[in-house]
Amino acid sequence: MVVGCANPTLPSNKKSAVVLFLTNSFKYNDVGFLKKDSNNASLELFNAGNLLFSFKVTKNSICMDNQCYSNASLVRRFFGDDSYLGLDFRNVLLGEPIFNKEGFLKNEFGFTQTIKRSQGTLIYIVNKNGIYLKDSSQKLVLEIEYQ
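Residues numbered from 1 in each chain as written. Predicted model: local features only at pLDDT ≥ 70, side-chain atom pairs only at ≥ 80, totals over all residues. Heavy atoms only, no water.

In total, this model carries 1 disulfide according to the counting rule given. What pairs with Cys63 in a disulfide is Cys68, and their sulfur atoms sit 2.0 Å apart. Linking Cys63 and Cys68, the disulfide has an S-S dihedral of approximately 95° and is accordingly described as right-handed. The exposure class assigned to Cys63 is buried, which follows from its relative accessible area of 16%. For Cys68, a relative accessible area of 42% gives the class partly exposed. (Disulfide = S-S within 2.5 Å. Buried < 20%, exposed > 50% of the residue type's maximum accessible area, 1.4 Å probe, protein only.)

So this is what it looks like as structure tokens:
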């Protein structure tokens, strides 16, 4: 048995994070991992070493705890309507602009996007500390704070 006190380093495509993920149907606020590659992104939340929630996004589908949906279907489920139908959750997890950079404002720390729709406003912030996505009606909040 080897024992040491070095901090393990994660691969550059895997980051540990504190995650707050709230929708009308679930609420999570736990430690997790954000995994990224050029085509996919996933968010896994753990509590006491046990996987609580898995959110995997590919170009064609989004899977939550092994139940897969189309992007449009999940947007309707989260927001209750088609206001944010073009929202690309893959880009959100990758920290890339959404809605073709609509409402995009670059700053010294990253960028902010404000997307206004008839049903409300979506705020999306990406910086070196993490990712923040929230709609004004609070039907969805996603905060990923890198550790």
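It is worth spelling out the pairing of strand S1 (residues 14-23) at this point. Relative to strand S2 (residues 27-36), S1 runs antiparallel, the two sharing 9 bridges. Looking across to S2, one finds that Ser16 is bridged to Phe33. The pairing of S1 with strand S11 (residues 140-146) spans 7 bridges and is antiparallel. Bridged to Leu22 within S11 is Val141. (Pairing = 2+ DSSP bridges. Helix = DSSP H or I, 4+ residues; strand = E, 2+ residues; numbered from the N terminus.)

Of all the positions in helix H1 (residues 71-79), only Leu74, Val75, Phe78 and Phe79 are classed as buried. End-on, the buried residues of H1 take up no more than an arc of 110°, which puts them together on one face. (Arc of directions from axis to C-beta.)

Once that is clear, we can look at the environment of Asp37. Looking at where Asp37 falls in the secondary structure, it is placed in the loop between S2 and strand S3 (41-47). Its relative accessible area of 39% is what places Asp37 among the partly exposed residues. Taking the C-alpha atoms as reference points, Asp37 and Phe53, separated by 16 residues in sequence, lie 20 Å from one another. Of the polar contacts made by the side chain of Asp37, one reaches the backbone nitrogen of Asn40; its length is 2.7 Å. (Polar contact = N/O pair within 3.5 Å; in protein donor to acceptor, adjacent residues only side chain to side chain.)

Attention now goes to the side chain of Asp81. Looking at where Asp81 falls in the secondary structure, it is placed in the loop between H1 and helix H2 (89-94). Within the structure, Asp81 has its side chain in polar contact with the side chain of Ser83 (distance 2.8 Å). Apart from the residues lying within four places of it in its own chain, the contact partners of Asp81 are Val75, Arg76, Gln119 and Lys139. (Contact = heavy atoms within 4.5 Å.)

Below, the discussion takes up the confidence of the model for the protein. Counting all residues, the mean pLDDT for the protein is 88, and 92% of those residues have values of 70 or more. Considering each helix and strand of the protein separately, the mean pLDDT is smallest for H1, with a value of 89, and largest for strand S7 (residues 104-107), with 97. (pLDDT = per-residue confidence, 0-100.)

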